[in-house]
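# Coordinate analysis (summary)
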Amino acid sequence: MRLSHYTILTEHGDGVFLTGLLSQCVIQVPYAEWEEVKSHLDNKQFASSSLRSLFDELYSAKIIVDDDFDELQYVVERSIVARSISDTFGLVIVPSMACNMNCHYCFENKSNPRSLTSPDIQALVEFTEDKLLDSQFENFYVQWFGGEPLRDVVLVEQTTRVLGDLCQRLDKRLTGDVVTNGYNLTADVAKRLSDVGICTAQVTLEGERDQHDRIRRVGDGGSYDRIVQNILGSAQFLDIRIRIHVTPGTLVGIPTLLRDMHERGVHEAVERVYFAPLFNYDQDQKELAFLEQPNLYLSSKDFAKHAVELHRQAKSLGFTLTDPLATEYSVCTALREYTVVVNPDGSLAKCYMDAGDLEETFGTLRDGVTNGDNLSKWRQVLFSEDEECRECKFLPVCFGGCAKETLKGADKSVVCTPLKYNMDDLVP
């Protein structure tokens, strides 16, 4: 028996945190008990039943593994299965590229005025029905994306209802979410979305009020106060997840943002908060994709350094945080065989970062696959072929990082998970 290559040991106080990345769990063990278990891994002759139980728990969590256990192969096989097999078919629907804001960092080209039409929606329903007739699928998940999807609440509501009727007829379960800037997410809108099966909304904030309002303007005014009020109102109908963007420019204001939200009771209303670095990507300047610009964007290592204190501050104010180990072996929509992005013109793509980018489409709702290369390239993104990834202890929670970044040849300073740099500080 041995400690897994993918186990991270963090000493803390009079004990250790054993982070088993293969099972994405953390077990806290008193130091003396850990030393006792560690010294008897070969013979498993433990002095007490409690130590035997601890050993069994560590073994079950794959923190301790058999000598001949091929851990890399385990990760590779889990990923292959997760990417290709599922009981859920998913659509990311982009009804329009239009938005009521014009954030400077937005990666999307919004010049295309096209929006989903009634014939498009009919084709969407037929496309979905054809997929859901496969007995493999028991569930259907729909995500509304944009642009700003709630610029047309009626379209989102009515289309989701039609898809829900389809699922009811086929005995499938529908759930969904919406990614929105929150400006139109009133309590009434949230209830209407909830009534048709949408259960979650992701809303993004940019920092304290002044910072946010400089970035997220609607007309001549800011949007912060309205969005926070909408979060409080809609949380009675939807699970709200707040995504806080972290950049060199917003870092100084995030503590003020957290305190303000706490004073307004947001910490008690929302499901969770998480911090996310922005990335250097623009559909109109692909030749500059993911290049480092330290004055505008944080590297993975720099973000990791700040993330620990941000987590500490948020937790002290009562916010529920995203589990930093929670990740799926299938990683993302682009790598899942069973998830598709639907553009406003009915064309199909794999990555949400390709929303509205016609150069990246692989087919249409009506015609199916028309550009096999744009589909197959995602299947060829294999972390197991990257020697650095193969050796990395964080492979089971990173899987080679963002597939889009990998395809664009991004540097490891961008691709690697922040956990690589802050695990020992973040876990406690």
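Preceding block: the structure.
This one's a predicted model, so the numbers in the text were calculated from it and none came from an experiment.

### As for the overall build of the chain
Helices and strands together make up the secondary structure of the chain, namely 17 helices and 15 strands. A globule of 428 residues ought to have a C-alpha radius of gyration of about 22 Å, and the chain, at 23 Å, matches this closely. The C-alpha extent of the chain, read off along each of the three principal axes, is 70 × 50 × 45 Å. Buried residues in the chain amount to 53% of all 428 residues. Across the chain, every contact between residues at least 6 apart in sequence was considered, and the portion connecting residues at least 24 apart equals 70%. On the chain, roughly 19300 Å² of surface is accessible, and the fraction owed to carbon and sulfur atoms is 46%. The positive charge centre, built from 43 side chains, and the negative charge centre, built from 66, are 3 Å apart in the chain.

### Thoughts on the pattern of salt bridges
Applying the stated criterion across every chain, the model contains 25 salt bridges. Where Arg192 meets Asp188, a salt bridge forms, and the shortest distance between an N and an O atom there is 3.6 Å. On the criterion of helical spacing, the pair formed by Arg192 and Asp188 is a turn pair, its members being four residues apart in helix 6 (residues 187-195). Among the residues examined, Asp188 registers a relative accessible area of 47% and is labelled partly exposed. A salt bridge links Glu271 to Arg272, with the shortest nitrogen-to-oxygen separation between them at 3.7 Å.

### Thoughts on the environment of Ala32
Within the secondary structure layout, Ala32 lies in helix 1 (residues 31-39). The spacing of Ala32 and Gly249 is 217 residues in sequence and 45 Å in space, taken between C-alpha atoms.

### Notes on helix 9 (residues 254-263)
What helix 9 keeps buried is the set Ile254, Pro255, Leu257, Leu258, Asp260 and Met261. Just downstream of helix 9 lies Gly265, where phi reads positive at about 85°.

### Focus on the pairing of strand 3 (residues 15-20)
Counting buried residues in strand 3 gives six out of six residues, a clear majority hidden from the surface. In this sheet, strand 3 lies alongside strand 2 (residues 7-12) in antiparallel orientation, the contact comprising six bridges. In the sheet register, His12 faces strand 3, and the bridge partner there is Gly15. Linkage of strand 2 to strand 3, two consecutive antiparallel strands, is achieved through a turn of two residues, within which Gly13 is found at a positive phi near 60°. When strand 3 meets strand 4 (residues 25-30), the two strands line up antiparallel, connected through six bridges. In the sheet register, Gly20 faces strand 4, and the bridge partner there is Cys25. Hairpin geometry of strand 3 and strand 4 is characterised by an intervening segment of four residues between the two adjacent antiparallel strands and by a positive phi of about 55° at Gln24.

### Notes on the sheet that holds strand 11 (residues 272-277)
Taken in spatial order, the ten strands make up an open sheet running 11-10-9-8-7-6-12-13-14-15, and their pairing is mixed. The outermost strands of the open sheet, each flanked by one partner alone, are strand 11 and strand 15 (368-369). In the sheet, strand 14 (residues 363-364) pairs with strand 15 via two bridges, with the strands oriented antiparallel. Bridged to Thr364 within strand 15 is Gly368. On the sheet, helix 11 (residues 300-316) packs against strand 10 (239-246) and strand 11 and is oriented at approximately 160° with respect to strand 11.

### Observations regarding the packing of aromatic side chains
Ring pairs (aromatic) are described by centroid distance and by the angle formed between their planes. Scanning the model with the defined rule gives twelve aromatic pairs in all. Taken together, a centroid distance of 6.2 Å and an interplanar angle of 20° make the contact between Phe89 and Phe140 stacked. A residue pair is termed long-range when its members are at least 10 positions apart, and Phe89 in strand 6 (residues 88-93) and Phe140 in strand 7 (residues 139-144) qualify at 51 residues. Owing to a relative accessible area of 2%, Phe89 belongs among the buried residues under this scheme. Accessibility expressed as a relative area gives 0% for Phe140, which makes it buried. In textbook terms, an aromatic cluster arises when at least three aromatic residues are bridged by ring pairs, as seen for Phe107, Phe145, Phe279, Tyr281, Phe290 and Tyr352. Geometry around Tyr183 places Arg226 over its ring, the cationic atom sitting 3.8 Å from the centre.

### Things to note about the environment of Asp284
Along the chain, Asp284 falls in the loop between strand 11 and helix 11. In this structure the side chain of Asp284 is engaged in a polar contact, spanning 2.9 Å, whose partner is the side chain of Asn109.

### Here we look at the sheet that holds strand 3
The strand order across the open sheet built from three strands is 2-3-4, with neighbouring strands paired in antiparallel fashion. Edge positions in the sheet fall to strand 2 and strand 4, since each of these pairs with one other strand and no more. Between one strand and the next, the sheet's axes are offset by a mean angle of 20°, whatever the strand orientation.

### What about the packing of helix 4 (residues 118-132) against helix 5 (residues 153-170)?
At a closest axis distance of 11 Å, the pairing of helix 4 and helix 5 adopts a crossing angle of 30°. Judged on the interaxial angle alone, helix 5 and helix 4 are roughly parallel. Remark: the crossing between helix 4 and helix 5 carries right-handed chirality. Where helix 4 approaches helix 5, its residues Ile121, Leu124, Val125, Thr128, Glu129 and Leu132 are matched on the opposing element by Leu155, Thr159, Val162, Leu163, Leu166, Cys167, Arg169 and Leu170.

### A word on the nonpolar core
Grouped together as the largest cluster of nonpolar side chains are 72 residues, with contacts concentrated most on Leu185, Ile240, Ile242, Met261 and Phe275. Of the residues forming this core, the biggest block, seven residues, is contributed by helix 5. With sequence-adjacent residues up to four places away left out, Ile242 is seen in contact with Val203, Leu205, Ile231, Met261, Val266, Val270, Arg272, Val273 and Tyr274. Counting 22 residues, the second largest nonpolar core, distinct from the first, contains Val94, Phe290, Leu335 and Trp378.

Conventions used here
- Residues numbered from 1 in each chain as written.
- Predicted model: local features only at pLDDT ≥ 70, side-chain atom pairs only at ≥ 80, totals over all residues.
- Heavy atoms only, no water.
- Helix = DSSP H or I, 4+ residues; strand = E, 2+ residues; numbered from the N terminus.
- Rg over C-alpha atoms; globule rule 2.2 N^0.38 Å.
- Buried < 20%, exposed > 50% of the residue type's maximum accessible area, 1.4 Å probe, protein only.
- Contact = heavy atoms within 4.5 Å.
- Areas by Shrake-Rupley, 256 points an atom, 1.4 Å probe, with all protein chains shown as cover.
- Lys, Arg positive; Asp, Glu negative; His and termini not counted.
- Charge placed at Lys NZ, Arg CZ, Asp CG, Glu CD.
- Salt bridge = Lys/Arg side-chain N within 4 Å of Asp/Glu carboxyl O.
- Pairing = 2+ DSSP bridges.
- Axes fitted to C-alpha atoms, helices over the stretch in contact; angles between N-to-C directions.
- Phe/Tyr/Trp six-rings, centres within 6.5 Å; stacked < 30°, edge-to-face > 60°.
- Lys NZ or Arg CZ within 6 Å of the ring centre and 35° of its normal.
- Polar contact = N/O pair within 3.5 Å; in protein donor to acceptor, adjacent residues only side chain to side chain.
- Parallel < 35°, antiparallel > 145°, perpendicular 65-115°, else oblique.
- Left-handed = near helix turned anticlockwise from the far one by under 90°.
- Core = buried A, V, L, I, M, F, W, Y, C linked by side-chain atoms within 4.5 Å.

The quantities given are spatial measurements derived from coordinates; they are silent on function.
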